[in-house]
Each structure stands twice: as C-alpha cells, then as structure tokens.
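# Chains, contacts and geometry: an overview
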Amino acid sequence: MGERMSARNVIDFLRTVAVRTDVLNDLKTRSKEQVIAAAADFGYPFTDLEYDTLIWNLEARLAQKRGEPFDAHFPLWQTLWGQYYLEFLVNDLMPSFDDADFDAVISAGTSGAGS
C-alpha cells in the first residue's frame, strides 16, 4: 500500500470516527496500537509511523494556516485540556481542514517535504 493511500486511510478513519460517537467513545481511552487495529478492522489500514507523520504534518499545517508558530506554545494545544487526544483529532483538528488541505499535506508528506 502506498503512502498516499495510507495517509488517506488515516483521514477516512478519523472522519468515520467523527460521525460515530459510539466508536469515538469506545476508542478514546484505548492505546494507539488498539486504535490502529480498529482502523484496520474498519478497512482503513495504516502504520504507526504513517499515522504519526500525517498527524504531525496536519498540526504543523494548521499552525501555518493560523499564522502561529508550531511550538510548545501553539494555542491549539490548550484545546487538548480535558479531552483525550483522539477526541482532539476528531473534534478540533480534522474540522479545521478541507479536502484541498488534506491533499496538500498528503502530497508534501509523500514527496519528503512535509517533515
């Protein structure tokens, strides 16, 4: 499976979780390995590295879109308080992007320019 397809699988899985509150509630307290296994069960396989790379690149792109430095003081980190990381991804990070953003991040990541 290519990197683009794996990255698209991460996005499609998070979009699926966004509309399935029952799945989000079940997975939000599980380990990353368990979440990745659940994604594969839903038909969206990806590796730990593919997940980490895409999420990191999305977070960096969001900082760029907001005109803010992507560092320890990035204001979006405050939205993590009081919620699980998967909730942050589904409820805060993913809705900040459209398909053009996702395509740009995937293209940059697969060309080696998105690290």
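Use the structure listed above.
Treat the numbers as computed from the prediction; the structure is a model and nothing was measured. (Residues numbered from 1 in each chain as written. Predicted model: local features only at pLDDT ≥ 70, side-chain atom pairs only at ≥ 80, totals over all residues. Heavy atoms only, no water.)

### Considering the packing of aromatic side chains
Overall, the coordinates contain six aromatic pairs when judged by the stated rule. A centroid spacing of 5.8 Å and a plane angle of 10 degrees characterise the contact between Phe46 and Tyr51, whose relative ring orientation is stacked. Each member of the pair Phe46 and Tyr51 is classed as buried. Pairing Trp56 with Phe70 gives two aromatic rings, centres 4.8 Å apart and planes at 70 degrees, and the pair type is edge-to-face. (Phe/Tyr/Trp six-rings, centres within 6.5 Å; stacked < 30°, edge-to-face > 60°. Buried < 20%, exposed > 50% of the residue type's maximum accessible area, 1.4 Å probe, protein only.)

### Details of the packing of helix α4 (residues 48-66) against helix α5 (residues 85-93)
Where α4 meets α5, the closest approach of the two axes is 13 Å, and the angle between their N-to-C directions is 45 degrees. As far as their axial angle goes, α5 and α4 are oblique. In the crossing of α4 with α5, the sense of the turn from one axis to the other is left-handed. Side by side, α4 and α5 meet where Tyr51, Ile55, Leu58, Glu59 and Leu62 of the first sit next to Tyr85, Phe88, Leu89 and Leu93 of the second. Across the contact of α4 with α5, the residue classes break down as eight nonpolar, no polar and one charged. (Axes fitted to C-alpha atoms, helices over the stretch in contact; angles between N-to-C directions. Helix = DSSP H or I, 4+ residues; strand = E, 2+ residues; numbered from the N terminus. Parallel < 35°, antiparallel > 145°, perpendicular 65-115°, else oblique. Left-handed = near helix turned anticlockwise from the far one by under 90°. Contact = heavy atoms within 4.5 Å. Nonpolar A, V, L, I, M, F, W, Y, C, P; charged D, E, K, R; others polar.)

### What to know about helix α3 (residues 32-41)
For α3, the full list of buried residues reads Val35, Ile36, Ala38 and Ala39. The buried residues of α3 occupy an angular sector of 160 degrees when the element is viewed end-on, so they sit on one face. Exposed side chains of α3 directed beyond 90 degrees from the buried face belong to Glu33 and Asp41. Where α3 terminates, the next one or two residues include Gly43, which has phi positive at roughly 95 degrees. (Arc of directions from axis to C-beta.)

### A short note on the environment of Phe88
By the element assignment, Phe88 lies in helix α5. A relative accessible area of 0% means that Phe88 is categorised as buried. In this structure the C-alpha to C-alpha distance between Phe88 and Glu50, which are 38 residues apart in sequence, comes to 18 Å. When residues no more than four places from it in sequence are discounted, the contact partners of Phe88 are Glu59, Leu76, Trp77, Thr79, Leu80, Gln83 and Leu93.

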